[in-house]
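The primary structure of each chain is shown beneath.
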Amino acid sequence: MRAISGPILLTGIATCSHCGGGMTQRTGTSATGRVYAYYTCATRAQKGATACKGNTIPMAYLDEVVRKALDEKLFAPERLAALLTAVAARRSEKAEANNARLVALQVEVDTAKERLQRLYTLVEDGLAEMDDLLCERITVLKADREKAQAALDRARRETGGEAGLDPEKIAAFSKLMRDVLASSDNPTRKAYLRSLLNVEVGPEKVRIMGSRETLYAAAGANNSSAELVQLSGLKWRARRDSNS
């Protein structure tokens, strides 16, 4: 078999289930002269069977399996809405927990400030002297205040506003992605798919995986090619919140 160049749909997206390496496109010619195209494990192709026992799958078959699964199981409006609703509910629960944490941290900051102020007032009113013991106590309270304030500031930075689901955006995103899948513009399709998913090819199963959070963010964007493709820098991996 030999490698060929061109805008192949799932290169850079499909990986081998055995080694995690990318699947590259190869071709072979039958005795009748017919050319067949495959996706095959690049690790095995480059380093041999000792590096990976590899997986090979017909290119047209894998492309169609992925396209059909995404069209019918992920980007169908009802399926997409159900998936994103679950993400929104989880985000809402997280927002509530974050708000409770912020309140608790604010109480810690206020308490530390109040204790410091009481000590300063005692000194100003002449009811306490600035001896070593009092100085040490003030130092401890200042450290507590700064620690609590730093934790509060960090929590505020980590807690962003959670936008609700917009039915019109979900419907538009569903239509966009299904139109992309039906398009013959291979490079465009590849860019969109690469921004949202990873395909793991095994000897008996093909798994389509991707972060639900990233899908949620993409559906909430303005549905432009540039915005979706920017998400492709994320590192994808199988995990509990992945589609399969």
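What you see is a predicted model; the values in this text were computed from it and never measured.

Undergrad: Where do I start with the confidence of the model for the chain in this structure?
TA: Detailed conclusions should not be drawn from predicted coordinates in areas where pLDDT is low. For the chain, per-residue confidence averages 77 on the pLDDT scale, and 81% of positions sit at 70 or higher. For the chain, per-element mean pLDDT is lowest for strand S1 (residues 2-3), which scores 37, and highest for strand S2 (residues 14-16), which scores 93. Residue range residues 1-6 is modelled with pLDDT below 50. Its contacts to residues more than four positions away, or to other chains, number 10 contacts. Segment residues 222-244: pLDDT under 50, and 55 contacts once partners within four positions in sequence are set aside and those in other chains are kept.

Undergrad: Explain the nonpolar core to me, please; I cannot follow it from the model alone.
TA: Side chains that are nonpolar tend, in soluble globular proteins, to be buried together. In this structure, Tyr-39, Leu-62, Leu-70, Phe-75, Phe-173 and Leu-215 are the most contacted members of the largest nonpolar core, which totals 39 residues. Secondary-structure elements contributing two or more residues to this core are S2, strand S4 (35-41), helix H2 (59-74), helix H3 (77-124), helix H5 (167-182), helix H6 (186-196), strand S6 (198-201) and helix H7 (212-219). Non-local contacts of Leu-70, meaning those with residues more than four positions away in its chain, are made with Phe-75, Ala-76, Leu-181, Leu-193, Leu-197 and Ile-208. Grouped together as the second largest cluster of nonpolar side chains are 7 residues, Leu-102, Ala-148, Ala-151 and Leu-152 included.

Undergrad: What's the story with a negative patch on the surface in this structure? I'm lost.
TA: Residues Glu-129, Asp-131, Asp-132 and Glu-136 make up a contiguous surface patch of negative charge. One can find Asp-131 in the loop between H3 and helix H4 (132-158).

Undergrad: Could you clarify how one ought to interpret the pattern of salt bridges in this entry?
TA: It is possible for side chains bearing opposite charge to pair when their charged atoms get close. Following the criterion strictly, the structure yields 4 salt bridges and no others. For Asp-71, the salt bridge is made with Arg-178, and the minimal N-O distance between the two is 3.2 Å. A residue pair is termed long-range when its members are at least 10 positions apart, and Asp-71 in helix H2 and Arg-178 in helix H5 qualify at 107 residues. Residue Asp-71 is classed as buried on the basis of its relative accessible area of 17%. Taking the shortest distance from any N to any O, the salt bridge between Asp-179 and Lys-175 comes out at 2.8 Å. Taken together, the positions of Asp-179 and Lys-175, both in helix H5 and 4 residues apart, correspond to about one turn of that helix. Using a relative accessible area of 55% as the deciding quantity, one classes Lys-175 as exposed.

Undergrad: What should I look at first to understand the packing of aromatic side chains in this one?
TA: Any two aromatic rings considered together are summarised by their centre-to-centre distance and by the angle between their planes. Counting across every chain of the model gives 1 aromatic pair. Note on Phe-75 and Phe-173: the rings are 6.1 Å apart at their centroids and 80° apart in plane angle, and the pair reads as edge-to-face. Placement of the pair is Phe-75 in the loop between H2 and H3 and Phe-173 in helix H5, with a sequence separation of 98 residues. Across this residue pair, the class does not change: Phe-75 and Phe-173 are buried.

The rules we used
Residues numbered from 1 in each chain as written. Predicted model: local features only at pLDDT ≥ 70, side-chain atom pairs only at ≥ 80, totals over all residues. Heavy atoms only, no water. pLDDT = per-residue confidence, 0-100. Helix = DSSP H or I, 4+ residues; strand = E, 2+ residues; numbered from the N terminus. Contact = heavy atoms within 4.5 Å. Core = buried A, V, L, I, M, F, W, Y, C linked by side-chain atoms within 4.5 Å. Buried < 20%, exposed > 50% of the residue type's maximum accessible area, 1.4 Å probe, protein only. Patch = residues over 30% accessible without salt bridge, like charges linked within 9 Å, V, L, I, M, F, W, Y side chains within 5 Å. Areas by Shrake-Rupley, 256 points an atom, 1.4 Å probe, with all protein chains shown as cover. Salt bridge = Lys/Arg side-chain N within 4 Å of Asp/Glu carboxyl O. Lys, Arg positive; Asp, Glu negative; His and termini not counted. Charge placed at Lys NZ, Arg CZ, Asp CG, Glu CD. Phe/Tyr/Trp six-rings, centres within 6.5 Å; stacked < 30°, edge-to-face > 60°.

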